[in-house]
Amino acid sequence: MKKIRCLLIAASAASTCAVFTGCDEVPSVPYHSNTAAAAIVGDHSSQTDGSTPEGGKLTVNAVKGSVSITKTNVPIEVCVEAGDPEISRYLRFSTVQVRRNDEGNERSVKVYTEVTPQCLAWRVSLIKNGREYYHFITSNQQHLWDQVIPLQPLALEPDLPVPDKIIVTLVK
């Protein structure tokens, strides 16, 4: 549980920073049109060797027997996944994000992925005298700087006694 808490704290801090600063903390690098980042945003203009770029459209004219390649500016989505199944249960990654900046003759680019805490579903069981007397399903939420599990039924249900303990189970 300590590992989970550390992961959620780190992810919520990263999410909070991303909300306040956007991608300002990500360093810019010089933009080159022959890189993977250029292909991801759909800048295929650098491919002059006749190869079909991802996002390109191959057209075959059956009557004349000709083949032509139409280059499009379609962005490519590149997925980012956690290599550890335990981490992937708690963190969600965006696809690769590329932000190109053109200032005069200078071009720069920022490449990153956004990481956010995964919204987890929890089964909350209220226990009194060793027996479950009430349960509900909820999900973790951001509250100030922490991830929290709301327990509103304790405040909304007038007939619920004070539990001896609460058991929280991850719903898969």
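Basis of the calculations
- Residues numbered from 1 in each chain as written.
- Predicted model: local features only at pLDDT ≥ 70, side-chain atom pairs only at ≥ 80, totals over all residues.
- Heavy atoms only, no water.
- Helix = DSSP H or I, 4+ residues; strand = E, 2+ residues; numbered from the N terminus.
- Buried < 20%, exposed > 50% of the residue type's maximum accessible area, 1.4 Å probe, protein only.
- Contact = heavy atoms within 4.5 Å.
- Areas by Shrake-Rupley, 256 points an atom, 1.4 Å probe, with all protein chains shown as cover.
- Pairing = 2+ DSSP bridges.
- Salt bridge = Lys/Arg side-chain N within 4 Å of Asp/Glu carboxyl O.
- Polar contact = N/O pair within 3.5 Å; in protein donor to acceptor, adjacent residues only side chain to side chain.
- Core = buried A, V, L, I, M, F, W, Y, C linked by side-chain atoms within 4.5 Å.
- Phe/Tyr/Trp six-rings, centres within 6.5 Å; stacked < 30°, edge-to-face > 60°.
- Lys NZ or Arg CZ within 6 Å of the ring centre and 35° of its normal.

### A short note on the overall build of the chain
Here's step 1: Each helix and strand in the chain was counted, giving four helices and 12 strands.
Here's step 2: Here the chain, with 172 residues, has 25% of them falling under the buried criterion.
Here's step 3: In the chain, the share of contacts with a sequence separation of at least 24, taken over all contacts with a separation of at least 6, comes to 52%.
Here's step 4: Surface accessibility of the chain: about 11,900 Å² in total, with carbon and sulfur atoms responsible for 55%.

### Details of unusual backbone geometry
Here's step 1: Within the chain, N129 stands out as a residue other than glycine whose phi angle is a positive 55 degrees.
Here's step 2: Looking at the secondary structure, you find N129 in the loop between β8 (121-128) and β9 (131-139).
Here's step 3: Its identity as a non-glycine residue notwithstanding, L144 has a phi of 55 degrees, on the positive side.
Here's step 4: Position of L144 among the secondary structure elements: in the loop between β10 (141-143) and β11 (146-148).

### So, the sheet that holds strand β1 (residues 29-30)
Strand pairing in a sheet relies on backbone hydrogen bonds. The paired strands run either parallel or antiparallel.
Here's step 1: The strand order across the open sheet built from three strands is β1-β6-β5, with neighbouring strands paired in antiparallel fashion. With partners counted over all chains shown, the strands left at the sheet margins are β1 and β5 (97-103), one partner each.

### What to know about the pattern of salt bridges
Here's step 1: The tally for this structure, following the rule as stated, stands at five salt bridges.
Here's step 2: When the shortest N-O distance is used, the salt bridge between E132 and R123 registers 3.1 Å.
Here's step 3: The exposure class assigned to E132 is partly exposed, which follows from its relative accessible area of 39%.
Here's step 4: Between D164 and K128 there is a salt bridge, with its nearest N and O atoms 3.8 Å apart. Residue D164 is located in the loop between α4 (153-156) and β12 (165-170), and its partner K128 is located in strand β8; the two are separated by 36 residues in the primary sequence.
Here's step 5: Take D164: its relative accessible area is 49%, and that puts it in the partly exposed class.
Here's step 6: Within the structure, one salt-bridge network assembled from shared partners comprises R100, D102 and R107.

### Description of the side chain of Q147
Here's step 1: Mapped onto the elements of the fold, Q147 is located in strand β11.
Here's step 2: Within polar-contact distance, the side chain of Q147 engages the side chain of N140 at 2.7 Å.
Here's step 3: At 2.8 Å, the side chain of Q147 and the side chain of Q142 are in polar contact.

### Examining the nonpolar core
Here's step 1: Listed in full, the six residues of the largest apolar core are Y31, A37, A38, I40, V98 and V109.
Here's step 2: If one sorts the elements of this core by residue count, helix α2 (residues 36-40) sits on top with three residues.
Here's step 3: Setting aside chain neighbours within four positions, we find Y31 in contact with A38, D43, R100, R107, S108 and V109.

### Quick word on the packing of aromatic side chains
Here's step 1: Under the definition given, this model contains one aromatic pair.
Here's step 2: Ring geometry for Y134 versus F136: centroids 6.2 Å apart, planes at 50 degrees, classification tilted.
Here's step 3: The aromatic ring of Y31 is capped on one face by R100, whose charged end is 5.0 Å from the ring centroid.

The values are spatial; any link to function lies outside them.
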